[in-house]
Amino acid sequence: MIVCLAVVGHENNPLYIQSFTESDDALKLHHIVHCSLDVIDERVNNPKKSSPTINEAFLGLLYPTENYKVYGYLTNTKVKFILVTTDLDIRDADVRNVSLLFFRKFHAAYVDAVSNPFHIPGKKITSKTFRERVSSIVKSFGLSSAS
Amino acid sequence: MEEFPEELRTPPVALACLIGCPEVHPLITAHLHSQQPPINAVALPDFSMIPPKKPPRDTLEPPAGIIKRDWFSKHRTRIPAVVAAIFSSRDVSGDPAQRLQVCNDLDKLKASIRGRNIKLGVLVVTKWNDKDNTSEERILALRKRAEIDSKNLIIFVPDHEPELQQCLSRLWTVLGELANTYYRDEGRRVRSRLEKKNYSSMELNVRYCFKVAIYAEFRRDWLEALKLYEDAYHALREMVGTSTRMPPIQRLVEIKAVAEQLHFNMSMILLHGGKVLEAITWFRQHTANYRKLVGAPEVIFLHWEWLSRQYMVFAQLLETSSPNALHVPSTAPVAEEKPTEWEFHPAYYYQLAASYLKEKNTCLEFAISMSVDVGSFDGSAESVVASAYLGQYSRLLEHEDAFIMQPLTDMEYAHYALAEGKRFKDSFEIIALLKKSFEAYSSSKAERTAAYCGLQMAREYFSLNDFSNAKQIFDSLANLYRREGWLLSLWEVLGYLRECSKGMSSAKDFIEYSLEMASLPETTGFSESFSKDCGPAGPATPSQREKIHKEAFEVARGESELNSDEQNSAFKVKSDYPIYLEIDVISPLRVTLLALVAFHQPMVKPGGQSLITISLRSQLPINVEIDQLEVQFNQSECNFIITNGQKPLSSTDIVQPGHRVETAPDLVLATNKWLRLTYDIKSDLSGKLECIYVIARVGPNFTICCRAESPALINDSPLWKFENRLETIPIKDPGLALSGQKAIQVEEPEPQVDLILHSSGPALVGESFILPVTVSSRGHAVHSGELKINLVDTRGGGLLSPRGEESFSSENIHVELVDISCDAPQDQSEAPSDKIQKIQPSFGLISVPSLDMGESWSCKLKIKWNHPKPIMLYVSLGYLPRSDEPSLQKVHVHKSLQIEGTTAVAINHRYMLPFRKDPLLLLKLKSISETDQTPYLALNEKTLLIISVKNCSEVPLRLLSMSIETEVKSDACTIQPQQEEFREAVVNMPGEEFKKVFTIIPKVKSTKLKIGNVSLRWERDSNATSSQVTKYRLPDVNVELPLLAVSLECPPHAFIGNPFLYSVKILNQTEILQEIKCSISDSQSFVLSGPHSDTMLVLPRSAQVLTYMLVPLGLGSLQLPRVTVASVRYSAGLLPSNASLLVFVYPTKPHVDLKPPGDA
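Residues numbered from 1 in each chain as written. Chains lettered and ligands numbered in written order. Predicted model: local features only at pLDDT ≥ 70, side-chain atom pairs only at ≥ 80, totals over all residues. Heavy atoms only, no water.

*Asks:* It is not clear to me how the confidence of the model for chain B should be interpreted in this structure. Could you clarify?
*Replies:* Parts of the model with low pLDDT should not have their predicted coordinates read in detail. Residue and element names in this part refer to chain B. The predicted model of chain B has a mean per-residue pLDDT of 79, with 87% of residues at 70 or higher. Throughout residues 801–810 the model reports pLDDT below 50, and contacts reaching past four residues in sequence, or to other chains, amount to 11 contacts. The model gives residues 826–833 a pLDDT under 50, and that stretch makes two contacts with residues more than four places away or in other chains. Reported confidence for the predicted complex is 0.90 by ipTM and 0.67 by pTM. (pLDDT = per-residue confidence, 0-100. Contact = heavy atoms within 4.5 Å.)

The structure is reproduced here in structure tokens:
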């Protein structure tokens, strides 16, 4: 299940962060997302170490924490997408495919959001439409992974 | 890792036992231990110490536990795999009593080891000398008695070095083989039970697997050991749901303890084998298997403690395992997902260990708070000890001199665990773990992960009330979050910092953190920001911000006290403890108060007014009313104070007398709105005027000092950079908002003194050009005035002539400043030391006396031109308008003037022969073709020298005298007149030429006769400057004796019809007879009588005259008949010029009296 989604800008600043849990652990998720930026930095700086991925943008599993798994995605404009899930029991290949698919959809939503002429590049995304769209994407994935 | 006993942390070593002959034991023990693989040895000095036979075990009894706690250590330290019985050869081959003793000992030993299946080896110690004395027969008998192979009986010779080494190595081989056989046999024995499934319970299954694995480890068969550990581990995992042997809590505790042991052994084998990837995968599985098995809620902390220990031990294992293996993950395909980078770092595990330990702490505290009657059990808790089985505890009861282990109920166990948990403080351990993790992450440049560890560490310090340590870490975290704009994390950290400063009773810090929190950007639209768990400051809601804002200002105004809950010290802001905040460009409080200052003009005249706009902005959620604003400049006279019109100026306000005070209608800062204040500013001091601080005072004892910034250079703080907010410009004028500067250049004051350079046209070369300079005061008095004079070549380059580079003399300087003469100062008392006068050829400095307003002073510059050259004269006057303020800057007046230097007069000369006289100069004839311009003069003949003087300047000149100075006082030639003073000065207008005639009679024959110099004295016609002398050197002349001299003689005029004589006189100055041809041409104007053409001889040193009688026929200026005289000897003829042949013919004799009037 997806618990948190974040878009992180060039200066490692959060542009958008949304969590999908009922419990009060938003802050913890913030920290997890923030820490995962270190892994992205290392992967981007040492590209040889990382495994050959299907898609250049998809960074794969960044690191597992106690209860979560963190996946990363790097767009061509070096904007980072970070996904925190609790799907600890799904097989690796499935997770990879599902998360890649998710990131693609999310990327499309992001591109639409920043293409808004009223959006200033580099600023936080506050669009409600984007928010709703992300929620619906997350919901659809939550259902599909549960089934 | 230290939790595990030493024997578990090191690979197992086979154990041998030595019995008898204690003198050789140290030798053997040391050797066995030093070999690879080593063999440990226990030594029994004699056979009486053999332990009794092992009692048979009742196998039907159900097992009381899974693994005996000391089973492994027993095999490593107490139960040998092989026994070496050592006999001396004397005993073996001695008398029958000794032999019997040997046999008895051997039997006893065999009986003891048989039940345990321990292998036997025999050593016979002998001397090198006695080696062959021991009979074969006896040895064979001994071997038979011991029932061993021949190779297992060793003759041991300790006193012969080569033999000894051989014996020792044989012994090591034999013992090693026997030990291996023992462990293999034992392993097989237990394994057969496993294969036949010959066990009554799951516990035994696990135990058997464990035992086989240990035996395999003894044999160094790592693969088998690993496989059996895995079997044991899986079997154990199955037990979790099925076993009912013990009360549920203790059952789980036991299973976990065993699992931990099994996993530890597996990790050891894998990591020492360099299989890091497998070890990590196993560890992942291990934690995944057991993480959910939290157990009963009252002892849930035990689970977290256990989990934390798993991580910590694994981290330690990973850290201590060989580092080269650490970074080479094996490429073997792993079914599971590949571990990520962090999972190869021990730091990752330390961090998680710490976080689970923290979890344990939380649960423990909760459990303690829930159980009220912990104390009642305290006394009996001491009697609880670890029982014989791993992971089991029981109560030790003393019953009639015997100790009885009594099993515990779950309730009792839980109490025991709680009591144990209370005894230890985990915080320090958590901090230690986190610190390790923090350092490791920091060193691998994982700044953010390290920060997260730091955060947890700081929280732990905070919970221990160690505020200074906590604050230090929180501060560094806050910097990171500020930089990257993680608002929620920053909010949490600042909340902690606020509490820390409260705890440390630091009101300043408290206010700073509070203000920063209050002015953080709002995380609008994010539900997360309203999450409750956001640190001690509560959720990051607008209302919470306002609350924090109010608290900060209440403390700052001294309305409320700052008191920490822990320490009962209250701190209140009073006049004794004022609060002074300083906000600079890098301060995070810039968002709280930002002061931009812009001057409206870039430059201003001194004393002139300029507008200055002070723009203040705050992001605080509530309006802030400022009591007073002070604006400070680098020129403190300009400082001024703006008071709030809404508030009366109270007596406590600091207003220094003489300071400007402005009143603004209100000084209220609204959220994200600019408060713009525009005032006039006036500076009398030239230079830079820069606004440095804007100081806001709120309440009597709270001051915020804000460093002024220029709008042009402003950059947004990283926190606000990414926010979508209304951007407003700080100053209404958008141009100024983009380019405004906080500094202004104040020009120099306008000089009120005139500096006048009286130019009198171009200067003339040679004269001392006088240039008067006048300093006249219009509105300023002049004090400490200094006049600087500079001469600069207008075309660039120096004032020196090119060849003057080597020798610096006045001759080579084209133009030089000779003197500065000034009027004698009126005030004679002025100390001469004040007078500075410095003159160099191109530079001069002179001090100007003090002048009052309206006075003037002048001096004269004397500049001499040695060569014609235009120059630029720069004169600058620096002075102080007032004498009482020496710190004031000098006022400068600059003037420049270009002066042409021209040559005054051009002197030329010309030589002329006397009228109608022509000497024959042979050399002149010869040199005619050459370009030699040297004039030729005839010896003893009169020559005319005409000196012409042309005025080249633009001013009339007055010529005073002219003379020719012969260089050597000799009689080489006579010059008439030598010198002439003009009776009345000749005024020579520009362009005019003045001529003067001299006569020269050379007296000496010479090819280079120096005539001398013409020197002309002149002066300017305009003023009475001193006269100048211009010299002109006459070129050398050639003087020679003329051979022949022809002179024509004729009256100056004639009358028509009246005859007159026209004679040609030829003077022969040679010693020889000269033949002269002469002829005369006819002329229409004259009737002529005399020889027309003739040749005549002139005697040496005599003259011959040829006379013609002419009667003029025409009137006016007539050409006389041309006489041609030619010397035959010299082939030279005389052709008189046309001018010399003119005569004027009057019609009649004039009636005027031609005689001079006096003669009449």
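Anyway, onward from the coordinates.
*Asks:* Would you mind showing me how to read the interface of chain B and chain A here?
*Replies:* When the parts of a complex come together, some accessible area is lost, and that lost area is often taken as the interface size. Contacts between the two partners involve 41 residues from chain B and, on the opposite side, 39 residues from chain A. Taking both sides of the interface into account, the surface hidden between chain B and chain A amounts to around 3900 Å²; carbon and sulfur atoms contribute 51%. The interface formed by chain B and chain A holds two salt bridges in total. The shortest N-O distance in the salt bridge between arginine 448 of chain B and aspartate 38 of chain A comes to 3.0 Å. For the interface between chain B and chain A, the tally reads eight residue pairs in polar contact (both at pLDDT 80 or more). Mapped by element, the contributors of at least two residues to the side of chain B that touches chain A are helix H14 (346–370), helix H18 (447–463), helix H19 (467–484), helix H20 (487–503) and helix H23 (718–721) of chain B. Ranked by residue count, the leading element in the side of chain B that touches chain A is H18 of chain B, at six residues. Classifying every residue of the side of chain B that touches chain A by side-chain character gives 16 nonpolar, nine polar and 16 charged. (Buried area = accessible area lost by both parts, 1.4 Å probe. Salt bridge = Lys/Arg side-chain N within 4 Å of Asp/Glu carboxyl O. Polar contact = N/O pair within 3.5 Å; in protein donor to acceptor, adjacent residues only side chain to side chain. Helix = DSSP H or I, 4+ residues; strand = E, 2+ residues; numbered from the N terminus. Nonpolar A, V, L, I, M, F, W, Y, C, P; charged D, E, K, R; others polar.)

*Asks:* Sorry, what's going on with the nonpolar core here?
*Replies:* Most often, soluble globular proteins keep nonpolar side chains buried together rather than apart. Residues and elements named next belong to chain B. By size, the foremost hydrophobic cluster in this structure holds 198 residues, and its most contacted members are Ile28, Leu236 and Phe474. If one sorts the elements of this core by residue count, helix H10 (residues 248–272) sits on top with 13 residues. Ignoring any residue separated from it by four or fewer positions in sequence, one finds phenylalanine 474 in contact with Leu455, Ala458, Arg459, Phe462, Val493, Tyr496, Leu497 and Cys500. One finds Phe553, Ala664, Leu689 and Phe702 within the second-largest nonpolar core, a separate group that totals 49 residues. (Core = buried A, V, L, I, M, F, W, Y, C linked by side-chain atoms within 4.5 Å. Buried < 20%, exposed > 50% of the residue type's maximum accessible area, 1.4 Å probe, protein only.)

*Asks:* Would you take a moment to explain the pairing of strand E5 (residues 80–85) of chain A for this structure?
*Replies:* On a regular strand, one side chain projects to one face of the sheet and the next to the other, so that they alternate. Residue and element names in this part refer to chain A. Of all six residues in E5, six are buried, a share of seventy percent or more. Neither face of E5 is left uncovered, since the one carrying Lys80, Ile82 and Val84 and the one carrying Phe81, Leu83 and Thr85 both have all their residues buried. Bridge analysis of strand E1 (residues 2–8) against E5 gives six bridges, and the strand direction is antiparallel. Residue valine 8 lies in a different strand from E5, and its bridge partner there is lysine 80. As paired elements, strand E4 (residues 69–74) and E5 share six bridges and run antiparallel to each other. Within E5, the position partnered with valine 70 by the bridge is valine 84. Linking E4 to E5, which pair antiparallel, is a turn of five residues; within it lysine 78 sits at a positive phi near 65°. (Pairing = 2+ DSSP bridges.)

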